[in-house]
Amino acid sequence: MRTSVVSADPKMREKFFETVPLGGTGKREDAANAILFLASEEAGYVTGAEILLDGGFLAYRY
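Visitor: How do you make sense of the overall build of the chain when you look at a structure like this?
Guide: When its secondary structure is counted, the chain shows four helices and zero strands. Moving toward the C terminus, one meets the helices and strands of the chain in the order α-α-α-α. Residues classed as buried in the chain amount to 10% of the 62 residues present. Summed over all atoms, the accessible surface of the chain reaches about 5,600 Å², with 57% contributed by carbon and sulfur.

Put into structure tokens, the structure is as follows:
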């Protein structure tokens, strides 16, 4: 996570993560699983996709 006012202040950080529908932050395994999927045969027909690993944050906001 980049350093910002939100990430530097524990109270603001906690308040921010309350807005994530799945709660809190993702785990390294979440990113690893997305990478494994994209590298697998199951993703053989996937092109030009954007995979968001944000716990539903953007879908919730917009």
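Now, onward.
Visitor: Would you mind going over a nonpolar patch on the surface with me for this structure?
Guide: Taken together, the side chains of Phe37, Leu38, Val46, Ile51 and Leu53 make up a nonpolar region of the molecular surface, amounting to roughly 430 Å² of accessible area. Given the relative accessible area of 41%, Ile51 is considered partly exposed.

Visitor: Just to check I follow, could you spell out the packing of aromatic side chains for this structure?
Guide: Each pair of aromatic rings is reported with the distance of its centres and the angle of its planes. Considering all chains together, one arrives at two aromatic pairs under this definition. Between Phe16 and Phe17, the ring centres sit 5.2 Å apart and the planes meet at 70°, which makes this aromatic pair edge-to-face. Judged by its relative accessible area of 32%, Phe16 falls in the partly exposed class. Considering the side-chain rings of Phe16 and Phe57, the 5.2 Å spacing of their centres and the 50° angle between planes classify their relative orientation as tilted. Placement of the pair is Phe16 in helix 2 (residues 10-17) and Phe57 in helix 4 (residues 57-61), with a sequence separation of 41 residues. Among the aromatic residues, ring-to-ring pairing joins Phe16, Phe17 and Phe57 into one connected group.

Visitor: Before we go on, may I ask you to explain the environment of Leu58 in this structure?
Guide: Relative to the assigned elements, Leu58 resides in helix 4. A C-alpha to C-alpha distance of 9.5 Å links Leu58 and Pro21, two positions 37 residues apart in sequence.

Visitor: Mind showing me how you'd approach the environment of Pro21 here?
Guide: For Pro21, the location among the structural elements is in the loop between helix 2 and helix 3 (28-39). Note: C-alpha distance between Pro21 and Gly56 (35 residues apart in sequence) is 5.6 Å.

Basis of the calculations
- Residues numbered from 1 in each chain as written.
- Predicted model: local features only at pLDDT ≥ 70, side-chain atom pairs only at ≥ 80, totals over all residues.
- Heavy atoms only, no water.
- Helix = DSSP H or I, 4+ residues; strand = E, 2+ residues; numbered from the N terminus.
- Buried < 20%, exposed > 50% of the residue type's maximum accessible area, 1.4 Å probe, protein only.
- Areas by Shrake-Rupley, 256 points an atom, 1.4 Å probe, with all protein chains shown as cover.
- Patch = residues over 30% accessible without salt bridge, like charges linked within 9 Å, V, L, I, M, F, W, Y side chains within 5 Å.
- Salt bridge = Lys/Arg side-chain N within 4 Å of Asp/Glu carboxyl O.
- Phe/Tyr/Trp six-rings, centres within 6.5 Å; stacked < 30°, edge-to-face > 60°.

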